[in-house]
Number of protein chains: 2
Amino acid sequence: MAPEATAPAPRAPFGQRLAGARSAKGSLCIGIDPHPALLSAWGLQDTPAGLERFALAVLDAVGPEAVALKPQVALFERHGARGLAVLETLLACAAEADVLTIADAKRGDIGSTMQAYAEAWLGEGSPLAADAVTLNPYLGFESLRPALDLATATGRGVFVLALTSNPEGRSVQHAGGAESVARSIARAATGENSDAGPGHVGLVIGATVGDAADRLELDLPALNGPILAPGVGTQGAGRSELTATFGDALPLVLPTSSRAILAAGPDVVRLRAAARRTRDELA
Amino acid sequence: MAPEATAPAPRAPFGQRLAGARSAKGSLCIGIDPHPALLSAWGLQDTPAGLERFALAVLDAVGPEAVALKPQVALFERHGARGLAVLETLLACAAEADVLTIADAKRGDIGSTMQAYAEAWLGEGSPLAADAVTLNPYLGFESLRPALDLATATGRGVFVLALTSNPEGRSVQHAGGAESVARSIARAATGENSDAGPGHVGLVIGATVGDAADRLELDLPALNGPILAPGVGTQGAGRSELTATFGDALPLVLPTSSRAILAAGPDVVRLRAAARRTRDELA
């Protein structure tokens, strides 16, 4: 990619920007998950054009209510390059509207390949760059180094998968007993965040993992970075589940809801009301 | 995506098609990794146009020599939607030329999100569909079920990350002692392949992991599916390393080389000669 003609003004670190958004708008993160069934319920076609109308409508309706929007990359990628072009449009419009974005891409690789993913999602001037990206540490936390470094350099953030709520996730994430995989990931993420100001290296931990974070001794309050917690809202976790899962780390948590809110659309007023209601219930 | 007007002729299962290609062309898999430095060495710009010239030149030069071509998705994604459009063109041209493709995407997620990744990379009519895709099992092998099922239905294949050669991968892949993560992944993959004919559920195991597969008791000969083994060629593994790493499972292995061969370009004759030499050295 050609470097930009003039270097952009350095943005503030992601941790600071996230803290600012949280003060202004609360801590609810809203997923943009254009599932085929949802598009159909909104009267939209399962095409890149339908995807674009959906994504931009969600941005307009709930962007002002969310600490960040989290587009689910798989659902754009499902439409190939044209779907990714819609994601680029969404990310540009969100930046224009001063709404933070977390690309839920769950990327992970090694060396120069990981560097390429980092440049795609966190690089200056990349059309897919979001404010933060989710990462997958199967190749080792340290394999993510190119993304950690680039996020620091560009004032962006990362969220590393640690503990997920699907039962089959345990076979990997709980492996290792007292020194579990999830625990080593959480500790490594903690080591990336300094004590000065809120960190930009976060974790993904399902809102419905119950006491797993406790049992695996994750020491989440020490993270000093954000915790993305999918699975709140209808049929998911409420305030009591969040408290049970995160305890003293609750101030770090970004409860994340998507379909429970998106199902209230396409009417903008109902959609926005659903976002506010969810946010207030969890506050 | 709209269903196709007429259902395509069902293709033969991936395991069979791969076996056919192997009989005809040997077992070397060649990666298409358009790194910026490589584009520059070829006199190409680091742009989608440069990417396209590179990718199609590699297809033409070494497609006839390779059991499969493995485009590295990160290096296309680095150019955003326009880079992914180049990957779509490459995949279409490879299919036209009857060259098998393995999209090295390392995707992984759960539920309907995993279903979306499966549709993107393995679905009938998807512009990004390859003959096979690499997957990441951090969310548990079973989380990959939508891809396993769709691959079966469309005659395509998957390669699940098991053991990688980067040292930091051990923190996750070796976790669990005698019942290591990598061992459980290998066993689960084995369970997917029937005894009748070569299976379509493969593994990714670095060619330079040394005796790790042995020490972790992966029982690779039982897999009855293909093993993608990156890391052969210049500065990487040769025949003796492959034998040491894979032992009796060697007949399942697809040794995979990219930069060691691609560096011989852009001259077509030299590129093809490098591919043949690597293949013959490993045969």
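This text goes with the structure placed above it.
Residues numbered from 1 in each chain as written. Chains lettered and ligands numbered in written order. Predicted model: local features only at pLDDT ≥ 70, side-chain atom pairs only at ≥ 80, totals over all residues. Heavy atoms only, no water.

**So, the pairing of strand E8 (residues 253-257) of chain A**
All names here are of chain A.
Step number 1: With 5 of its 5 residues buried, E8 lies for the most part within the structure.
Step number 2: Burial along E8 is two-sided: the face carrying Val253, Pro255 and Ser257 and the face carrying Leu254 and Thr256 are both buried.
Step number 3: Judged from the 2 bridges that link them, strand E1 (residues 29-32) and E8 form a sheet pairing that is parallel. Paired with Ile30 across the two strands is Ser257, which belongs to E8. (Buried < 20%, exposed > 50% of the residue type's maximum accessible area, 1.4 Å probe, protein only. Helix = DSSP H or I, 4+ residues; strand = E, 2+ residues; numbered from the N terminus. Pairing = 2+ DSSP bridges.)

**Side note on the pattern of salt bridges**
Step number 1: The tally for this structure, following the rule as stated, stands at 39 salt bridges over all chains.
Step number 2: Connected through salt bridges with shared partners, the residues A:Glu65, A:Arg276, A:Arg279 and A:Asp280 form a single ionic network. (Salt bridge = Lys/Arg side-chain N within 4 Å of Asp/Glu carboxyl O.)

**A word on the sheet that holds E1(A)**
Strand-to-strand pairing in sheets goes through backbone hydrogen bonds, with the strands running parallel or antiparallel.
Residue and element names in this part refer to chain A.
Step number 1: Ordered in space as E2-E1-E8-E7-E6-E5-E4-E3, the 8 strands form an open sheet in which the pairing is parallel. The strands lining the two open edges of the sheet, one partner per strand, are strand E2 (68-71) and strand E3 (102-107). Taking the axes of each pair of neighbouring strands and ignoring which way they run, one obtains an average angle of 30° across the sheet. (Axes fitted to C-alpha atoms, helices over the stretch in contact; angles between N-to-C directions.)

**As for the packing of aromatic side chains**
Residue and element names in this part refer to chain A.
Step number 1: If you walk through the whole model with that rule in mind, you get 4 aromatic pairs over all chains.
Step number 2: Between Phe14 and Phe159 the ring centres are 6.1 Å apart and the planes differ by 90°, which places this aromatic pair in the edge-to-face class. With Phe14 in helix H1 (residues 14-25) and Phe159 in strand E5 (residues 157-163), the pair connects residues that are 145 residues apart, well separated along the chain. The burial state of Phe14 is the same as that of Phe159; both residues are buried. (Phe/Tyr/Trp six-rings, centres within 6.5 Å; stacked < 30°, edge-to-face > 60°.)

**Things to note about the relation of the copies chain A and chain B**
Step number 1: Note on the identical chains: chain A maps onto chain B by a rotation of 180° and an axial translation of 0.0 Å, with an RMSD of 0.0 Å. Such a combination of rotation and displacement between the chain copies is what one expects of a two-fold axis. By C-alpha distance to the rotation axis, the residue of chain A lying nearest is A:Gly176, at 2.0 Å.
Step number 2: A shared interface surface links the copies, since 100% of the contact residues of chain A are contact residues in chain B too. (Least-squares fit on C-alpha atoms with pLDDT ≥ 70 in both. Contact = heavy atoms within 4.5 Å.)

**Observations regarding helix H9 (residues 181-192) of chain A**
A turn of α-helix holds 3.6 residues, and therefore any two residues three or four places apart point the same way.
Step number 1: Here H9(A) contains 12 residues, and its C-alpha end-to-end distance of 17 Å stays within 8% of the 16 Å for a straight helix at 1.5 Å per residue.
Step number 2: Residues of H9(A) that are buried sit in contact with E5, helix H8 (170-173) and strand E6 (201-205) of chain A together with helix H8 (170-173) of chain B. (Expected span 1.5 Å × (residues − 1).)

**Details of the interface of chain A and chain B**
Step number 1: If you look at the interface, chain A gives 53 residues, while chain B gives 55 residues.
Step number 2: In this assembly, chain A packs against chain B so that about 4200 Å² is buried in total across both faces, 57% of it on carbon and sulfur atoms.
Step number 3: Where chain A touches chain B, the interface holds 6 salt bridges.
Step number 4: A salt bridge links A:Glu119 to B:Arg78; the nearest nitrogen and oxygen atoms lie 2.4 Å apart.
Step number 5: The interface formed by chain A and chain B holds 28 residue pairs in polar contact (both at pLDDT 80 or more) in total.
Step number 6: Of all the elements in the fold, those that place two or more residues in the side of chain A that touches chain B are helix H4 (73-77), helix H5 (80-96), E3, helix H6 (111-122), E5, H8 and H9 of chain A.
Step number 7: The residue inventory of the side of chain A that touches chain B, partitioned by class, reads 25 nonpolar, 16 polar and 12 charged. (Buried area = accessible area lost by both parts, 1.4 Å probe. Polar contact = N/O pair within 3.5 Å; in protein donor to acceptor, adjacent residues only side chain to side chain. Nonpolar A, V, L, I, M, F, W, Y, C, P; charged D, E, K, R; others polar.)

Function cannot be read off these values alone, since they describe shape.
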